[in-house]
Amino acid sequence: MAGNGEHSNERHDRQDGGVPIPADFRVVNCRLEAPSSLPGNALPRFVAAASVSGSMKFWSQFFIPTLKESPADAEIASHKLLVRAGLVRKLGGGLYTYMPLGLRTLRKISQACREEMDAAGAIELQMPHLHPVEFWEQGPRWAAAREIMYRADHAGDGKRGPRDPEYVLGPTHEEIITPLVKTEITSYRDLPKNFYQIATKFRNEIRPRYGLMRAREFIMKDGYSFDATDEGATQSYLRMKDAYSKFFSRVGVKAISVEADTGVMGGSFSHEFMVPAEVGDDVVVYCEESGYAANREKATSGIVPKDLADAAPAGAVEEFPTPGVVTIAALEAAPYSVPADKQFKTLVYVGDGNPFLVILRGCDELEEAKLGSLGFTLFRPATPEEIEPVMGAKPGSLGAVKGTIKDPAALAGIFADHAIRLIGNGTTGANRDGMHLRNVNVTRDLAITKFGDFRRVRVGEPDPKSGNPLKIARAIEVGHVFKLGTKYSDKFGAVYTDDQKQSHPMVMGCYGIGISRTLQAIIEQSHDNDGILWPWSVAPFQVLVCLLDPQLPEAAELAKKIGLAAERAGADVLIDDRTERPGVKFKDADLIGIPLRITVGGKGLKEGIVEMKWRAQKDVAKLPIADAESKVAAAVADASRA
RNA sequence: CGGGGUGUAGCUUAGCCUGGUAGAGCGCCUGGUUUGGGACCAGGAGGUCGUAGGUUCGAAUCCUAUCGCCCCGACCA
């Protein structure tokens, strides 16, 4: 390239047949050095860029910045290890650079995912990250989705002009793939189809934390299936669920699938893949005996017998004064002494602008996610200012007894948890401050719009299947399969024509795997006090040749030969050729967690041996030098087969 | 968005309460002694104490604002 900025004035000047340079691009003092002027060891090398494996790497020429101490902002083991082992570095809250070592594992996870998706019949494509906002505005969930979306306007002078296009950064891609399929697929002959991509997603997490666990920018495999029939969609769904199980076991993650919240979509269903972990921010309810497992947002229990008969009224409703009593606990105490499970809890929510009531037992907690089944697009707890004009009293004295609500016409509904039928006759607020009602009978006195399951399940309650006590554990969600139905295809008009010339909406499913989150989940699930224990399948390198005396030519030569033997056997090999003391090398080796370590040193050479040690095991095998290459190759072959 | 905390060298941090012009460990550089589980000795570089105001003779320290980060809650894959 010419060494001045003259051509910056020429529109679309071509540089050496390369890309055109826009007229406003100014080249200042730009000079490219000829490759021959580079020092010999800096000559560019061309290797298969997309390949995870490749020629073995030498630590001294690679880049693995390990740390002795954990960063101050890391709370959990996997986050600390990610940073200490040099896998990631933080740019800002919820934003991480994948360092060379971390990128290798990330690629292996992606590749395993890709292979399982392909094997299950899914087809890879790649959609833009930058979405014209109209696609979202036309979609069925713009109001809710915009809360987590980033806007991406042209930076320019810092303001978006009225005629500038407006973009958002994609948090997921239903709104993009559905219009695509609508225009490209119109016949039943082209169905079913299942598309996926592995791509970065952007979500404005209210509170990013735990490193890659909850990030603003993260890598996700997202897939979307399109079927002609509901039955076909179920088949697609089950095929994906099966592929997910294969994927997680392949990358060494013990994930369990649980029933998940389906939100506003009646008739659809959903499973999440969960990794049990102390630090998980999801909660799983399960029963080992029956195999029942569900996200707590969705979980039900069998505390209400199916054959429960409604209680007969215990007497006339009676108002009694309760000055200052505004909590369940206060009414439980003397002198009232009403047990919490004999109280009605009346909550006021606002759904799409209209207040509605939720009635629970006093001893139960609302599981807010379950309100999603009521069909509101957005809902939230009502404020005290909103409550009083409708109910006639402040929170603490509320109830749903017929005739006591000040403005019942304002309510969008009164929704009751099934468990209130266990109360039969109980106590509730009178909708007059300082007053409650007793002898309130569920059937006689309450005008329930609809019964449903709204309460949060507690540990030890009977499993809905077997009746055994339910257990509860924290978990990390790493995958989610969702049968969507026609929510998006209806909205975007993604229809096909069947063999009777009839038009139908396609039946969709969507499927996500948190690739970067899985990376961290593996570490969270597989580490010890010294560092990471990588599963063979995703280890950034599988064999580490620990060369203790790189200055000894025969040691260095042997290390290289063993490394090559391991590589020929199918392993990715790292040779630690740094001039560090042995202690440092061993500590680093344990920290970065390469599964198989071969130690080559002057001391061993004198004995005529090298050492072979698995990261996950304590014992060290001494291999005669003559056997070293074949023994290592055999170990690699064994591990690769497992 | 509410509550709490915190910001000092690349990393981990002391000093702050009680104002007097910044100290350690790790890492890094130089030299030497070492060399099979994070060596030792000597020397060295590196900090406008997040930023902006204010109080004061004097501010890392006190006050105000602001930004970042962390924790709890709400919310969310």
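Computed from a predicted structure; not experimentally measured.

A. How the structure looks around the nonpolar core. Formed by 57 residues in total, the largest nonpolar core has its most connected members in L87, Y244, F247, I515 and W534. Once residues within four sequence positions are removed from consideration, F247 is found in contact with I109, A112, C113, E116, I513 and I515. Of all hydrophobic cores here, the second largest spans 26 residues; its members include L357, L398, I405 and L437.

B. Looking closely at the protein's contact with RNA strand B. Contacts to RNA strand B come from 37 residues, most closely from R207, E368, E477, D590 and E611. The sugar-phosphate backbone supplies 45% of the atoms of RNA strand B found within 4 Å of the protein. Note that a base oxygen of RNA strand B is positioned 3.0 Å from one of the side-chain N or O atoms of R84. At a separation of 2.2 Å, a phosphate oxygen of RNA strand B approaches a polar side-chain atom of E368. Elements that contribute at least two residues to the surface near RNA strand B include exactly α13 (582–592), β32 (596–600) and α14 (602–607). A total of seven residues in the surface near RNA strand B trace back to one element, the largest contributor, which is α13. For the surface near RNA strand B, the class distribution of residues is ten nonpolar, six polar and 21 charged.

C. Expanded view of the pattern of salt bridges. According to the stated counting rule, one finds 36 salt bridges in the structure shown. K246 is the partner of D242 in a salt bridge, and the nearest nitrogen-oxygen pair spans 3.3 Å. Of the two residues, D242 and K246 are both situated in helix α6 (residues 230–250); the distance of four residues between them amounts to about one turn of the helix. When its relative accessible area of 40% is taken as the criterion, D242 is described as partly exposed. Among the residues examined, K246 registers a relative accessible area of 43% and is labelled partly exposed. A salt bridge links E388 to K394; the nearest nitrogen and oxygen atoms lie 3.9 Å apart. With relative accessibility at 30%, the residue E388 sits in the partly exposed group. Classification of K394 by relative accessible area gives partly exposed; the value is 45%.

D. Local environment of α6. Between the first and last C-alpha of α6 there are 30 Å, a value that for 21 residues agrees with the 30 Å anticipated at 1.5 Å per step. Positive phi shows up at G252, right after α6, with a value of about 80°.

E. Representation of the sheet that holds strand β9 (residues 167–169) within the structure. An order of β7-β9-β8 is seen for the three strands of this open sheet, with the pairing classed as antiparallel. Edge positions in the sheet fall to β7 (130–132) and β8 (150–151), since each of these pairs with one other strand and no more. Looking at chain direction, β7 and β9 are connected through three bridges and run antiparallel. Looking at the pairing, L130 lines up with L169 of β9.

F. Representation of the packing of aromatic side chains in the model. In the structure shown here, the tally under the stated rule is ten aromatic pairs. Centroid distance F62 to F541: 5.6 Å. Interplanar angle 80°. Geometry classified as edge-to-face. Of the two residues, F62 is situated in the loop between β3 (57–58) and α1 (77–84) and F541 in the loop between β29 (531–532) and β30 (543–547); the sequence distance between them amounts to 479 residues. Considering the side-chain rings of Y244 and F248, the 6.4 Å spacing of their centres and the 80° angle between planes classify their relative orientation as edge-to-face. Pair noted here: Y244 and F248 are both in helix α6, with a separation of four residues, about one helical turn. F248 carries the same exposure label as Y244, and that label is buried. Taken together, the ring pairs in this structure connect Y244, F247, F248 and F273 into an aromatic cluster. Against the face of F541 rests R104, its NZ or CZ located 4.0 Å from the ring centre. Against the face of F320 rests R438, its NZ or CZ located 4.0 Å from the ring centre.

G. Highlighting the pairing of strand β14 (residues 282–286). Judged by how many residues are buried, β14 sits mostly within the fold: four of five residues are covered. Relative to strand β24 (residues 471–485), β14 is paired through five bridges, and the arrangement is antiparallel. Its bridge partner lying in β24, V284 is registered against A473. Bridging between β14 and strand β15 (residues 293–295) involves three bridges; their strand directions are antiparallel.

H. Just the sheet that holds strand β21 (residues 425–429), in detail. Sheet architecture is open: three strands sit in the order β16-β22-β21, paired in antiparallel fashion. For this open sheet the edge positions go to β16 (318–321) and β21, each flanked by a neighbour on one side alone. The average angle at which neighbouring strand axes cross in this sheet is 30°, direction not considered. By the bridge criterion, four bridges tie β16 to strand β22 (residues 435–441) in an arrangement that is antiparallel. The partner of P321 across the bridge, within β22, is M435.

Procedures and definitions
Residues numbered from 1 in each chain as written. Chains lettered and ligands numbered in written order. Predicted model: local features only at pLDDT ≥ 70, side-chain atom pairs only at ≥ 80, totals over all residues. Heavy atoms only, no water. Core = buried A, V, L, I, M, F, W, Y, C linked by side-chain atoms within 4.5 Å. Buried < 20%, exposed > 50% of the residue type's maximum accessible area, 1.4 Å probe, protein only. Contact = heavy atoms within 4.5 Å. Near = heavy atom within 4 Å. Polar contact = N/O pair within 3.5 Å; in protein donor to acceptor, adjacent residues only side chain to side chain. Helix = DSSP H or I, 4+ residues; strand = E, 2+ residues; numbered from the N terminus. Nonpolar A, V, L, I, M, F, W, Y, C, P; charged D, E, K, R; others polar. Salt bridge = Lys/Arg side-chain N within 4 Å of Asp/Glu carboxyl O. Expected span 1.5 Å × (residues − 1). Pairing = 2+ DSSP bridges. Phe/Tyr/Trp six-rings, centres within 6.5 Å; stacked < 30°, edge-to-face > 60°. Lys NZ or Arg CZ within 6 Å of the ring centre and 35° of its normal. Axes fitted to C-alpha atoms, helices over the stretch in contact; angles between N-to-C directions.

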